[in-house]
Amino acid sequence: MNVDKEPQRKRGNSCSLCGNYRRLFDPPALFCSGVCCMQKIRRNATYYTDRFKQNHWCERCFNQLKDGTPVQLDDGRETKKGLLLKLKNDSTPEEAWVQCDECHDWNHQICSLFNGVQNSKSSSYTCPKCHIKNRQKNNSIEACSDVKDSTDLPHCNLSRSIENGLKKTLLDAYEKVAKNRGCQLSQVEKAEGLSVRVVSSLEKKHKVREEMLARYSKKGYPSEFQVTTKCIVLFQKIHGADVLLFGMYVYEYGDGCPGPNRRRVYISYLDSVRYLEPSSYRTITYQSVITEYLRFVKMRGFHTAHIWSCPPTKGDEYIFHCHPNHQLTPNDDLLCAWYVDMLETAKDEGIVLETRTLYDEYFKSNALNPETGDTFDPTNLPYFDGDYIPGEIEKVIKELNAEELRREEKRLRATGGSTNKGKKNKNVPMQKKEGKRKGTRSNPGALVNQARDKVMNRLDLVLGRMKKNFMVAQLLSDDFIHAVERGDNVSSWTDSDSKKLKQIGKNPNVLELPESEKSASKGSLSNDFAAKKLTWKIVGDTKDKDPLMEQDCLDSRLQFLNYCQRNNYQFDELRRVKHTTMMLLSHLHNPRADQEQHIKAHLKVIAHAASCSGPPGCSSTNCQRMKQLFEHIKSCDVTYKRGCKICTRIFMLLTKHARDCDKLVCPIPFCDRIKERTRLLLKQQQMMDDRRRNAQNDRLRQEAIGVADTGQCVGTGRALPSS
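Summarised in this report is the structure supplied together with it. Nothing here was measured: the structure is a model prediction, and the numbers come from that model. (Residues numbered from 1 in each chain as written. Predicted model: local features only at pLDDT ≥ 70, side-chain atom pairs only at ≥ 80, totals over all residues. Heavy atoms only, no water.)

## Things to note about the overall build of the protein
Then step 1. A tally of helices and strands in the protein yields 19 helices and 19 strands.
Then step 2. Excluding contacts between residues fewer than 6 apart, the proportion of contacts in the protein whose partners are at least 24 apart in sequence is 69%.
Then step 3. Total accessible area on the protein stands at roughly 39700 Å², and carbon and sulfur atoms take up 50% of it. (Helix = DSSP H or I, 4+ residues; strand = E, 2+ residues; numbered from the N terminus. Contact = heavy atoms within 4.5 Å. Areas by Shrake-Rupley, 256 points an atom, 1.4 Å probe, with all protein chains shown as cover.)

## Some details on the packing of helix α3 (residues 157-181) against helix α5 (residues 282-300)
Then step 1. In the contact formed by α3 and α5, the axes pass within 9 Å of each other and the chain directions differ by 135 degrees. Regarding the angle of α3 to α5, the classification is oblique. Note on packing geometry: the crossing formed by α3 with α5 is right-handed. Along its contact with α3, which presents Asn-157, Leu-158, Ser-161, Ile-162, Gly-165, Leu-166, Thr-169, Leu-170 and Ala-173, the element α5 presents Ile-284, Thr-285, Ser-288, Val-289, Glu-292, Tyr-293 and Phe-296. (Axes fitted to C-alpha atoms, helices over the stretch in contact; angles between N-to-C directions. Parallel < 35°, antiparallel > 145°, perpendicular 65-115°, else oblique. Left-handed = near helix turned anticlockwise from the far one by under 90°.)

## Some details on the nonpolar core
Then step 1. Ranked by size, the top nonpolar core spans 111 residues in total, and within it Ile-232, Met-248, Tyr-293, Leu-294, Leu-463, Leu-554 and Phe-560 carry the most contacts.
Then step 2. With 9 residues, the top contributor of residues to this core is strand β11 (residues 241-253).
Then step 3. In this structure, Leu-554 is in contact with Val-199, Ser-200, Cys-231, Tyr-249, Phe-560, Leu-584 and Leu-588, ignoring residues within four places of it in sequence. (Core = buried A, V, L, I, M, F, W, Y, C linked by side-chain atoms within 4.5 Å. Buried < 20%, exposed > 50% of the residue type's maximum accessible area, 1.4 Å probe, protein only.)

## Quick look at the packing of aromatic side chains
Then step 1. The full count for this structure, using the stated rule, is 22 aromatic pairs.
Then step 2. Relative to Phe-384, the ring of Tyr-253 lies with its centre 5.4 Å away and its plane at 40 degrees, an arrangement referred to as tilted. In this pair, Tyr-253 is assigned in strand β11 and Phe-384 in the loop between α8 (364-367) and α9 (388-417), connecting sequence segments 131 residues apart.
Then step 3. On the accessibility criterion, Phe-384 (1% relative accessible area) is buried.
Then step 4. Linked through ring pairs, Tyr-251, Tyr-253, Tyr-266 and Phe-384 together constitute an aromatic cluster.
Then step 5. Residue placement shows Lys-81 over the ring face of Phe-62; its charged tip is 4.8 Å from the ring centre.
Then step 6. When the ring centre of Tyr-269 is taken as reference, the NZ or CZ atom of Arg-557 above it lies at 4.2 Å. (Phe/Tyr/Trp six-rings, centres within 6.5 Å; stacked < 30°, edge-to-face > 60°. Lys NZ or Arg CZ within 6 Å of the ring centre and 35° of its normal.)

If you want it as structure tokens, here you go:
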């Protein structure tokens, strides 16, 4: 087998499968590893990199590096500033090639679905054309392959529930189509070969950002929230190959999480590519995945789901790298309507009890809590990782602090300037007299709620103009939600599908219907409606019975996006999506990490070896072996980034340790560097979230300018495009 990544220009022939000559990828996205915190390096700009081209520095960050100080790389090694290579960000990578051992034709590795990572140059390769000829020659009809596909990935309770619900939804859709066409069900074209899997499930701590914590920590606001983040994906067999069509990242804040996030879920990011066959079932398929997820978390005891509807801006990608050119990005109204349609379907199925906006929940009626009469402040708002609210709160607090500082400086200049008694200082600004009209800037009076939190006032102004974008789906009853918000023990709580039910007496089995439903059931001898509504069950404890699954390339949507960008795994063509899916499945099917108890045992050995002085005081063979592994990862030229299995294994354990380590100075090797890399990734994620939030604000501002120019009024009921 001959593998070549060089252009075919020297050979003068084209790919025998697609007939094309050179196929170029999109230019790679390079991010700076310096003090600018993962800023994107501009196209055609000068940058510096190490000899393995894994770490990059923009020109400004390179100039800040000191000549005598070792430069730390994110794989644990060190280099020097003088050894960094100066390059220009103008390269455009080309698809790699592979040569058939029988006909000696050259094929693109993507066209032939060739795994260039697993197969070495000593392996043999037969192109598809020769493979078909050999099968016909040997009268072999069925293809034989031991390659594992998406259905071989392990199922869990969540993926099985979503997949079964999706099959039922599609079956109902097939029956509806058959009825409308007046044909048999077997004559209806179906979406075959669909499979749903959870490919990442990770427990982590979501840190509260600096300004929010500094302003509200005295009110008992937590510094972090325990959360489980999951990645749910949908595959389809197309032409015999798996195709990754849909991905969704969700955040689950369980019963052990402090308020205001307790028992809430946040649908953070979702993304799709337009390759599902037949395409007429695309919307119902993707919406069904979300509704079945809401059904599952409702059974587990989560009472509210939150969605931020925000289409990506030009140049930004959510999960998949490089979408098809023919795939249009939905506008704001169209995307909101898509989510509203999905939630209405969930209401019809009894999954969602009520839908409303975040503004109606916390800002309506002067932000008064209808149950307690207290005024809401930012500590009552759900605080989700990557959401609009945390970033906007940081921005508002910084603005308020800057305004307060300017007022204080102005006051000090005014008081410090009047030194002579009885004489007016011309440098002191004249104090404005309080106006007679109340409700003005000079005399707020009773018309402005001065007791209300200033941050809430600013948020009210912003969110009031984008109510439709922040959706709240209530899954359980009002009484249960209020009990959770009070911090009550709800471990034995019984709940019903009705939005609000009151308990009669001391018997939790006897519930009183709401007035509207009570009147509807009067006069009925059988009282079937009331009996149906009186069904009750114990609410789940939100504990996840599915195992945790850590995947370094899928633990966050940014890690998966960077993984695809780094390896040129694109989704802009069906052939490329097939190859990207194959490479991802190959990565997922690699032997997984040891069981939890084995990992804990290895972490104990790492902690011991890091602080142990070795022989003769310690005779443990495990300690000596671990010290040898420490030396290996310090001197290895392959590293985990280029496929060293030893480095990959050790760095997986070190990363797991660093995620839970809270020591300022840790003796375990590379712990501080892994923490720094994690901090940079978090900073990059926050910057991308801020761009998403700023894009939302810019759209709102442009709409306001457009409305002001045309003299029309703003509304959310604008007609959707026919397409």
